[in-house]
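The chain contents come next:
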Amino acid sequence: MKDEVESRDDRVANLKGLGSARKRVEDVRFTQGKGNYVDDIKLPGMLHGDFVRSPYAHARVKSINIDAAMALDGVVAVLTAKDLEPLSLHWMPTLAGDKQMVLADGKVLFQGQEVAFVVARDRYVAADAVELVEVDYEELPVLTDPFEAMKSDTVLREDLEDGADGAHGPRRHHNHIFLWEEGDKAATEEVIDSAEVVVEEMVYYHRTHPCPLETCGAVASMDKVNGKLTLYGTFQAPHVVRTVASLLSGIEEHNIRVVSPDIGGGFGNKVGVYPGYVCSIVASIVTGLPVKWVEDRMENLMATAFARDYWMQGKISATKEGKITGLHCHVTADHGAFDACADPTKYPAGFFHICTGSYDIPVAYVGVDGVYTNKAPGGVAYRCSFRVTEAAYFIERMIEVLAMELNMDAAELRRINFIRKEQFPYQSALGWEYDSGDYHTAWDKALTSVGYDDLRREQAERVEAFKRGETRKLMGIGLSFFTEIVGAGPVKNCDILGMGMFDSCEIRIHPTGSAIARLGTISQGQGHATTFAQILATETGIPADSITIEEGDTDTAPYGLGTYGSRSTPVAGAATALAGRKIRAKAQMIAAYLLEVHDDDVEFDVDRFVLKGAPERFKTMKEIAYAAYNQAIPGIEPGLEAVSYYDPPNMTYPFGAYVCVMDVDVDTGTTDIRQFYALDDCGTRINPMVIEGQVHGGLTEALAIAMGQEIAYDDLGNCKTGTLMDFFIPTAWETPNYVTDHTETPSPHHPIGAKGVGESPNVGGVPAFSNAVHDAFRAFGLRQAHMPHDHWRIWQIANDLGLHD
Ligand code: PCD
Ligand SMILES: [Cu+]
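Residues numbered from 1 in each chain as written. Chains lettered and ligands numbered in written order. Predicted model: local features only at pLDDT ≥ 70, side-chain atom pairs only at ≥ 80, totals over all residues. Heavy atoms only, no water.

1. Focus on the overall build of the protein chain
Link 1 in the chain: When helices and strands are tallied, the protein chain shows 21 helices and 35 strands.
Link 2 in the chain: What you see for the protein chain is a C-alpha radius of gyration of 28 Å, in line with the 28 Å of a compact globule of 805 residues.
Link 3 in the chain: In terms of its C-alpha atoms, the protein chain occupies a principal-axis envelope of roughly 85 × 75 × 50 Å.
Link 4 in the chain: Relative to its 805 residues, the protein chain shows a buried fraction of 62%.
Link 5 in the chain: Within the protein chain, residue pairs in contact and separated by at least 24 positions form 80% of the contacts whose partners lie at least 6 positions apart.
Link 6 in the chain: For the protein chain, the separation between the mean place of its 72 positive charges and that of its 115 negative charges on side chains is 3 Å. (Helix = DSSP H or I, 4+ residues; strand = E, 2+ residues; numbered from the N terminus. Rg over C-alpha atoms; globule rule 2.2 N^0.38 Å. Buried < 20%, exposed > 50% of the residue type's maximum accessible area, 1.4 Å probe, protein only. Contact = heavy atoms within 4.5 Å. Lys, Arg positive; Asp, Glu negative; His and termini not counted. Charge placed at Lys NZ, Arg CZ, Asp CG, Glu CD.)

Structure follows, in structure tokens:
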């Protein structure tokens, strides 16, 4: 009997439960070319769609002639707004309460906007036909600057001109979308006006793009005989897509099946609904054949959701000793042509009001003005839970600027303002309740690990050597301490298009003691098949290797709001733990019956229920599972299944301390990252190896954003960064070696104490990289220089500071 001789440690190890560095089970498939992505789906008779897109950023569409395209052999249909109008599908609702043209209706508002949808037997024929569609445009004045847009007579959204009120209250101007405010404005202004020290700065977080490896795509298949629509796609929220598709098309929701197969990275890009999805569905309904639409890289960069583009005007006040007294922030948010921002409905600026950061700031105010311009719509998280990276960048820049003004060490300034351990749960001035944290411990650990004092000494010597003309390289120490807010989250204040942001897990234990669990979330590479099985292993005593995790098929998975905003662990992870506990509760009754004792006389131990005080008498979970299906147990129904829907009482607040040490070449503007240290605290850690992978990935995206990646436009609204020749994606060459570390402060309200981690490295990483660049020039008076810090811009900083003279 192997079981009896196995030690308890062996049994724990065998589970591969919480805390074990279990290898990612999905990688066997991915590394052997066996992944199944949208473009791998090939259905009999499948047609292919491709878009005619606008070359202009703002133009009236005078006419569209499809004759030549239709005449091309292999072309089945060319859809324009006129075809969609009778179905009321020429416009669609956005996640932010605005509406967006599916196909150009009278005019175009950004370069790359969808004008017509060609459907052909072959992807290449479709592309050829796109060239044959003749569109007559009349160019209109282009607005690419949100400050200009708010003054201009040019009306971008003619459809809204009469309506004074938008989805989030009154609009001040025809190009204004909303003003959203939080905090006490009057009290904040009073504190700042009478403060001993005040600094003011404009901090710009430029427009960028998630640019996942796999672009967005969908395959729609309408089975007219049975009235069933199947939609495969790169969806980060498959259930929401099903509900929206049902509401828009009128097809009953049980007749729609949405499947997210393997996804090659999401990063927020695949949260929203795009015209390509709608057009594939319509085309499949019209033709009766499956229709595939997969965008190419240029289309992805130019037309699907961008991220950031926040102009943040800040004021921060403090005492002479450096105690912060107030924070004021006004944001001008460039949303592009339609407000398609992916945020919980009540928060048009996401969770930007986490911008007081990790500091105990007594009073604060934030106001965000959303503005229309002739740029692509979007405003997605891109590895940050709804505008949290903007907020963290803002406060971490303001802290640095304040430290300069006070002539103080920036690490010390942070230390004296951190929320103290005993203040948690902490109520922030802008309304959040931080669940738990221990910032001082994390900060001290980080600074000790990097040898902070020695680094500062070396930096000071370097500045002296530079002044003596002995070196042309400066040294920057980039500090960042961040608090994230993830796990949306309480249904009472977070919903998307009216759907409360709970999440779910359903588990079914098979007679032989293995299991399948399904969740309302969907992995895009995060490793859910690995980690969620670990939660269940610890909760149910069934080894992770015996549990299949399935996500993404709305016909089988319980309803959930999907994966973004690092919500899977805080919300679906909690549902998973609770579903596991329901299994365990039933298993306890079965075990007691089998052992012929009272329920309370048995207790759970790793993978079994043992008789209290007599652990040699036990029933393993395997035995219990078998009994659940094969014995008639009085008062207990057969089977072993559970489902849990979880509405979190609060969000979780992971945090971290990052340090980036960088050498900057004053003459070439090139940078060399010597060291990058990242300490993350995400509460209870499910899988340390997955966490490390998440941190490496997130830091590399942060590096990209801070050091070169941007979506840039010229004055005519031409997108200048529509290919990977111009849009920076770091390779192994630019990417430094990261040192990761952690502290572990559990969330008090999460069943297993876990917080999210996927987004943290972006939120904390961007300010660390950017602060390093700024810090290198601090001795020469640099206060604020906008990202991305590419070589040319760094060279310019040096030049403006007179360092080339
Ligand atoms: N404590 C803890 C936490 C966590 N974890 C792990 O880690 C991961 C993550 O998690 P989270 O944080 O919860 O998150 P999720 O929800 O899952 O996911 C999401 C995220 O995720 C990240 N990561 C990643 N990765 C990959 N690979 N891919 C991708 O795509 C991605 N994305 C990105 C993003 S961007 Mo947004 O969407 O923007 O909002 S959001 C996001 C998983 O697996 C989990 O389990 C652990 O272990 N522990
Ligand atoms: Cu965000």
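2. Re the UniProt feature "domain: Aldehyde oxidase/xanthine dehydrogenase a/b hammerhead" (unreviewed entry) in the protein chain
Link 1 in the chain: Taken from the UniProt record, the annotation "domain: Aldehyde oxidase/xanthine dehydrogenase a/b hammerhead" (unreviewed entry) applies to residues 32-141.
Link 2 in the chain: Spanning residues 32-141, this segment combines 17% helix with 36% strand, and its end C-alpha atoms are found 51 Å apart. (UniProt positions renumbered as here; feature names shortened; annotations may be inferred.)

3. Side note on the sheet that holds strand 35 (residues 738-742)
Link 1 in the chain: Pairing in this open sheet of four strands is mixed, and the strands run 23-33-34-35 from one edge to the other. In this open sheet, the two edge strands, each paired with only one partner strand, are strand 23 (473-483) and strand 35. Pairwise comparison of adjacent strand axes, ignoring direction, gives a mean angle of 10° for this sheet.
Link 2 in the chain: Relative to strand 33 (residues 655-665), strand 23 is paired through 11 bridges, and the arrangement is antiparallel. Its bridge partner lying in strand 33, Ser-480 is registered against Tyr-658.
Link 3 in the chain: On the sheet, helix 19 (residues 688-707) packs against strand 33, strand 34 (671-681) and strand 35 and is oriented at approximately 125° with respect to strand 35.
Link 4 in the chain: Sheet strands touched by helix 20 (residues 760-776): strand 23, strand 33, strand 34 and strand 35. Its angle to strand 23, the strand with the most contacts, is close to 150°. (Pairing = 2+ DSSP bridges. Axes fitted to C-alpha atoms, helices over the stretch in contact; angles between N-to-C directions.)

4. Structural notes on the coordination of the copper ion (ligand 2)
Link 1 in the chain: Those donors, Cys-384 (SG) and Arg-387 (N), are the protein atoms that reach the copper ion (ligand 2), and they lie 2.0 to 2.3 Å from it. With respect to burial, Cys-384 and Arg-387 carry one shared label: buried. (Donors = N, O, S within 2.8 Å, 3.2 Å for Na, K, Ca; no water.)

5. Details of the packing of helix 16 (residues 528-540) against helix 17 (residues 568-595)
Link 1 in the chain: Contact pair helix 16 / helix 17: the axes reach a minimum separation of 8 Å and the direction vectors enclose 35°. Of the two possible hands of crossing, helix 16 and helix 17 adopt the one that is right-handed. On the side of helix 16, the interface is formed by His-528, Phe-532, Ile-535, Leu-536, Thr-538, Glu-539 and Thr-540, while helix 17 contributes Ser-568, Thr-569, Ala-572, Gly-573, Thr-576, Ala-577, Gly-580, Arg-581, Ile-583 and Arg-584.
Link 2 in the chain: Split into classes, the residues belonging to the contact of helix 16 with helix 17 amount to six nonpolar, eight polar and three charged. (Left-handed = near helix turned anticlockwise from the far one by under 90°. Nonpolar A, V, L, I, M, F, W, Y, C, P; charged D, E, K, R; others polar.)

6. Looking at the site of ligand 1
Link 1 in the chain: Near ligand 1 lie 37 residues; those nearest to it are Arg-383, His-528, Gly-565, Thr-569 and Gln-694.
Link 2 in the chain: The side chain of His-528 places a nitrogen or oxygen atom 2.6 Å from an oxygen atom of ligand 1.
Link 3 in the chain: Interatomic distance of 2.6 Å between a side-chain N/O atom of Thr-569 and an oxygen atom of ligand 1.
Link 4 in the chain: Contributing elements (two or more residues each) for the shell around ligand 1: helix 16, helix 17 and helix 19.
Link 5 in the chain: A class-by-class count of the residues in the shell around ligand 1 yields 12 nonpolar, 20 polar and five charged. (Near = heavy atom within 4 Å. Polar contact = N/O pair within 3.5 Å; in protein donor to acceptor, adjacent residues only side chain to side chain.)

7. Some points on the side chain of His-90
Link 1 in the chain: One can find His-90 in the loop between helix 5 (81-84) and strand 4 (91-93).
Link 2 in the chain: Sequence-distant contacts of His-90, that is, excluding residues within four places in its chain, are made with Ala-81, Leu-84, Glu-85, Gln-100, Met-101, Val-102, Leu-103 and Asp-105.

8. Regarding the domain arrangement of the protein chain
Link 1 in the chain: Split by domain assignment, the protein chain resolves into domain 1 (2-35 + 503-646), domain 2 (38-140 + 215-263 + 270-303) and domain 3 (306-487 + 651-800).
Link 2 in the chain: Each side of the interface is counted separately: domain 2 has 21 residues, and domain 3 has 23 residues.
Link 3 in the chain: Here domain 2 meets domain 3 over a buried area of about 1700 Å², counting both sides, of which 62% is carbon and sulfur.
Link 4 in the chain: Counting the surface domain 2 buries against domain 3, the share from its top three residues, Leu-109, Gln-111 and Leu-301, is 29%.
Link 5 in the chain: The interface formed by domain 2 and domain 3 contains zero salt bridges.
Link 6 in the chain: Scanning the region where domain 2 abuts domain 3 turns up seven residue pairs in polar contact (both at pLDDT 80 or more).
Link 7 in the chain: At the level of elements, strand 5 (99-101) and helix 11 (297-303) are the ones that each hand at least two residues to the side of domain 2 that touches domain 3.
Link 8 in the chain: Examining the composition of the side of domain 2 that touches domain 3, we find that five residues originate from one element, helix 11, more than from any other. (Domains from an automatic or database assignment. Buried area = accessible area lost by both parts, 1.4 Å probe. Salt bridge = Lys/Arg side-chain N within 4 Å of Asp/Glu carboxyl O.)

9. Considerations on the sheet that holds strand 8 (residues 134-139)
Link 1 in the chain: The strand order across the open sheet formed by three strands is 6-2-8, and the pairing between neighbours is antiparallel. At either end of the open sheet lies a strand with only one pairing partner, and these are strand 6 (107-108) and strand 8.
Link 2 in the chain: The sheet contact formed by strand 2 (residues 59-65) and strand 6 spans two bridges and is antiparallel. Along strand 6, the bridge assignment pairs Ala-59 with Val-108.

10. Topic: the packing of helix 12 (residues 388-406) against helix 13 (residues 410-417)
Link 1 in the chain: Look at helix 12 against helix 13: their axes get within 9 Å of each other, and the N-to-C directions meet at 110°. Taken together, the axis directions place helix 12 and helix 13 in an arrangement best described as roughly perpendicular. Considering only the axes of helix 12 and helix 13, their crossing is right-handed. Two secondary-structure elements touch here, helix 12 through Glu-396, Ile-399, Glu-400, Leu-402, Ala-403 and Leu-406 and helix 13 through Ala-410, Leu-413 and Arg-414.
Link 2 in the chain: For the contact of helix 12 with helix 13, the per-class residue count stands at six nonpolar, no polar and three charged. (Parallel < 35°, antiparallel > 145°, perpendicular 65-115°, else oblique.)

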